[in-house]
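# What the coordinates show
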Amino acid sequence: EICCSEEKCFEAPDCSNTLTLPCDANCDGVVTVGDISAFVLALTNPAAYMTTYPNCPLSNSDTNNDGQVTVSDISLFVACITNS
């Protein structure tokens, strides 16, 4: 038996536009007060956030790195904004 004798092609999603930067909730490349509304949307309506910011990972708003965007992320997010 010959392994891998047939070429298989598939199309992978374009990940080059995804910007991972903690607290950069709107993925503009900087952490500023401009991220507040995007963070609030991620916190209150993750589905709408992913639709509004399709190339921005929800994990940018997960400031405590527990795998979820919850009220527990608020104080660390505020610290990011005020220290930038």
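Residues numbered from 1 in each chain as written. Predicted model: local features only at pLDDT ≥ 70, side-chain atom pairs only at ≥ 80, totals over all residues. Heavy atoms only, no water.

### Remarks on the packing of aromatic side chains
Rules: Here a pair means two rings of Phe, Tyr or Trp (six-membered ring of Trp) with centres within 6.5 Å. Their orientation is stacked below 30 degrees between planes, edge-to-face above 60, and tilted elsewhere. Helix and strand definitions follow DSSP, with helices as H or I runs of at least four residues and strands as E runs of at least two, each counted in order from the N terminus. The classification of residues rests on relative accessible area computed with a 1.4 Å probe and restricted to protein chains. Under 20% of the type maximum is buried, over 50% is exposed, and intermediate values are partly exposed.
Summed over all chains, the structure comprises 2 aromatic pairs. On the numbers, 3.9 Å between centres and 5° between planes, the contact of Phe-39 with Phe-77 is stacked. In this pair, Phe-39 sits in helix H1 (residues 36–44) while Phe-77 sits in helix H3 (residues 74–83), placing the two residues 38 residues apart along the sequence. With a relative accessible area of 4%, Phe-39 lands in the buried category. Looking at Phe-77, the relative accessible area reads 3%, which means it is buried. Measuring from ring centre to ring centre gives 5.1 Å for Tyr-49 and Tyr-53, while their planes differ by 35°; the resulting arrangement is tilted.

### Topic: H1
Selection rule: As used here, the arc belongs to the directions running from the helix axis to the C-beta atoms. What makes two residues a contact is simply this: any of their non-hydrogen atoms within 4.5 Å.
Of all the positions in H1, only Ala-38, Phe-39 and Ala-42 are classed as buried. For H1, the angular spread of the buried residues around the axis is 100°, confining them to a single face. When the buried face of H1 is taken as reference, the exposed residues oriented beyond 90 degrees from it are Ser-37 and Thr-44. Buried residues in H1 make contact with helix H2 (46–52) and H3.

### Let's talk about the side chain of Asp-35
By the secondary structure assignment, Asp-35 is in the segment before H1. Every residue in contact with Asp-35, bar those within four places of it in the chain, is listed here: Cys-23, Asp-24, Ala-25, Asn-26, Cys-27, Asp-28, Val-30, Phe-77 and Ile-81.

### A few points about a nonpolar patch on the surface
Selection rule: Within the patch definition used here, like charges are joined within 9 Å and nonpolar side chains (Val, Leu, Ile, Met, Phe, Trp, Tyr) within 5 Å, considering only residues with over 30% relative accessible area and no salt bridge. Only the protein chains shown count as covering a residue, and every accessible area follows the Shrake-Rupley method with a 1.4 Å probe. We count a salt bridge whenever a side-chain nitrogen from Lys or Arg sits within 4 Å of a carboxyl oxygen from Asp or Glu.
A surface patch of nonpolar side chains, amounting to about 250 Å² of accessible area, comprises Val-33, Ile-36 and Val-40. The residue Val-33 is located in the segment before H1 in this model. Classification of Val-33 by relative accessible area gives exposed; the value is 62%.

### So, the state of the cysteines
Structurally, a disulfide amounts to a covalent bond that connects the sulfur atoms of two cysteines. To keep it simple, the criterion reads: Disulfides are defined as cysteine sulfur pairs within 2.5 Å.
In this structure the tally under the stated criterion is 2 disulfides. The residue that forms a disulfide with Cys-23 is Cys-80, at a sulfur-sulfur distance of 2.1 Å. In this structure the cystine formed by Cys-23 and Cys-80 twists about its S-S bond by roughly 50°; its chirality is therefore right-handed. Placement of Cys-23 in the segment before H1 and of Cys-80 in helix H3 is noted, with a sequence separation of 57 residues between them. The disulfide bridge from Cys-27 ends at Cys-56, spanning 2.0 Å between sulfur atoms. Handedness of the Cys-27-Cys-56 disulfide follows from its S-S torsion of about 80°: it is right-handed. Here Cys-27, found in the segment before H1, pairs with Cys-56, found in the loop between H2 and H3; they are 29 residues apart in sequence, far enough to count as distant. What makes Cys-56 buried here is its relative accessible area of 6%. Sequential numbering of the bridged cysteines in the chain gives the disulfide pattern 1-4, 2-3.

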